[in-house]
Amino acid sequence: MAKNSIRVRYAPSPTGHLHIGNARTAIFNYLFARHNKGKFIIRIEDTDTKRNVADGEKSQLDNLKWLGLDWDEGPDKPGEYGPYRQSERKSIYTPLIQKLLDEDKAYYSYRTEEELTADREEQRARGVMPHYEYEYAGMTDEEIKQSMAESEAKGLKPVIRFRVPKNTEYAWDDIVKGHVSFNSDTIGGDFVIVKRDGMPTYNFAVIVDDHEMKISHVFRGDDHVANTPKQLMMYEAFGWEAPKFGHMSLITSADTGKKLSKRDESIIQFIEQYRDLGYLPDAMFNFITLLGWSPKGEDEIFSKQQFIKMYDENRLSKSPANFDNKKLEWINNQYVKSSDEDVVMDLALRQLIAKGNLPKQPDAKTIEWARKLINVYKQQMSYMAQINEMASVFFNEPEQIDGESLEEINNDTAPVVLKEFAERISKIDIFDKVEILSTIKSIQKDTGIKGRKLWMPIRIAVTHEMHGPELPESIELIGREKALEHIDQTLKQINK
């Protein structure tokens, strides 16, 4: 197939926010299209009206844009193969459903949900895999018509089922998994293609849309493998050529080894949540691309353009992809370190305001102070929300010094250092990191106290922490008044 005829799609349902797994599907389709100079299409699969949520579509599109994806056709970018919402394509589906009915490749089924449930329970009791049993078995054409008429008279609403060919092999060469084959007798019997409300099911609508939109390749999650033979049957029934399929490996938790479940609240799984925490979109794109795909070599940090250039679908992994939150934090930290100061400043400032550590409309002086604070922690932050915890000493009055910290300063030299430091910083004209560093060095020169015995008492007394960013910068940000207050409290605590 010529590269310019490559057309792929990401087809989300507007049933909630953009999940990590769905974002990966979108990214792999996007990279395949862009690498091959093909088309990337967004299609909204909204036929399951009961599960659709308000703004579900908007949330999907907004978060895809935030990740840096763009598309050639979609609900917000109409093209020649629209509409791009399944709910708006019913006029396309209806004649094709009728064609299957006319050719006896589909039929009306009046079996109620209660009857189907009873059937499944009875099959389980017999040790048989639950499946649909043909409700008109043994009937003549006349008897079938009469049965349908009686069901209609009772006011029963039918579904339409596709007639599954008996004992037929359906196989395809999967781009990721290799050769895959199913026998038609193992898929659970004739399946529903039109629901009682008249809406087509996923398996029917998807093959019609992929055919009508000239989709050449379908990359999707491993959980869709079982749908593929059903779809191949319908491609065959219509006499259409099926696209090439690639089923991507599952995403598993690095902690448990189990499939990532939306019910597992120990792992943040939605893109919007990562946005709210102040992750960077380029870092998220990078991390997600490495979930089940690997480049050549050992490097792990790449730009979107680099990914596009080197993307090779043959490097999609058959093995489950480990979702490792520590790796995500490391990747995001690499991006934070190399990001423009203003980008980091804007995102971290929003976090400080959202937490209530800064006013909603900070003045110029506060913004400049926050800029210095954020720069102090820029190298350490894995994501921007961490600024609130890392810099808590600047917003909350510290608790009394105890434990290892108290032991560190409970000696004869600590009071000497603290008294000297307090006296000298109270007199300096410009209270900044340069003058503070100069003051500490002058104490070393005049007292002969140096190293840990010089620096740790000052750090512990002023910040109540044993570790942190550069001490002169921290003291400047805390301010002269609070620094003197903390030193006084510490001296009283150690009774010196």
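Keep in mind that this is a model prediction, so the values were computed, not measured.

*Asks:* Would you take a moment to explain the nonpolar core for this structure?
*Replies:* In this structure, Leu69, Met284, Phe323 and Phe421 are the most contacted members of the largest nonpolar core, which totals 93 residues. Here this core takes nine residues from helix α1 (residues 20-35), the largest share from any one element. Those residues in contact with methionine 284 that lie beyond four places of it in its chain are Ile20, Trp66, Leu67, Ile271, Tyr274, Tyr279 and Leu328. In terms of nonpolar packing, the next biggest core, distinct from the first, is built from 36 residues, Ile160, Phe162, Ile187 and Leu232 among them.

*Asks:* Looking at this structure, I do not really get the sheet that holds strand β4 (residues 159-162). What am I missing?
*Replies:* Whenever strands of a sheet pair, they do so through backbone hydrogen bonds, lying parallel or antiparallel. In space, the three strands of this open sheet follow the order β3-β4-β7, with antiparallel pairing throughout. The strands lining the two open edges of the sheet, one partner per strand, are β3 (106-109) and β7 (191-194). With direction set aside, neighbouring strand axes in the sheet form an average angle of 45 degrees. As paired strands, β4 and β7 are joined by three bridges and run antiparallel to one another. Bridging from a neighbouring strand, arginine 161 pairs with valine 192 of β7. Packed onto the sheet, helix α3 (residues 90-102) meets β3, β4 and β7 and runs at close to 95 degrees relative to β3.

*Asks:* How do you make sense of the UniProt feature "short sequence motif: 'HIGH' region" (unreviewed entry) in the chain when you look at a structure like this?
*Replies:* The sites that carry the UniProt feature "short sequence motif: 'HIGH' region" (unreviewed entry) are, in the present numbering, residues 12-22. Counting secondary structure, residues 12-22 comes out at 27% helix and 0% strand; the distance between its end C-alpha atoms is 8 Å.

Rules of the game
Residues numbered from 1 in each chain as written. Predicted model: local features only at pLDDT ≥ 70, side-chain atom pairs only at ≥ 80, totals over all residues. Heavy atoms only, no water. Core = buried A, V, L, I, M, F, W, Y, C linked by side-chain atoms within 4.5 Å. Buried < 20%, exposed > 50% of the residue type's maximum accessible area, 1.4 Å probe, protein only. Helix = DSSP H or I, 4+ residues; strand = E, 2+ residues; numbered from the N terminus. Contact = heavy atoms within 4.5 Å. Pairing = 2+ DSSP bridges. Axes fitted to C-alpha atoms, helices over the stretch in contact; angles between N-to-C directions. UniProt positions renumbered as here; feature names shortened; annotations may be inferred.

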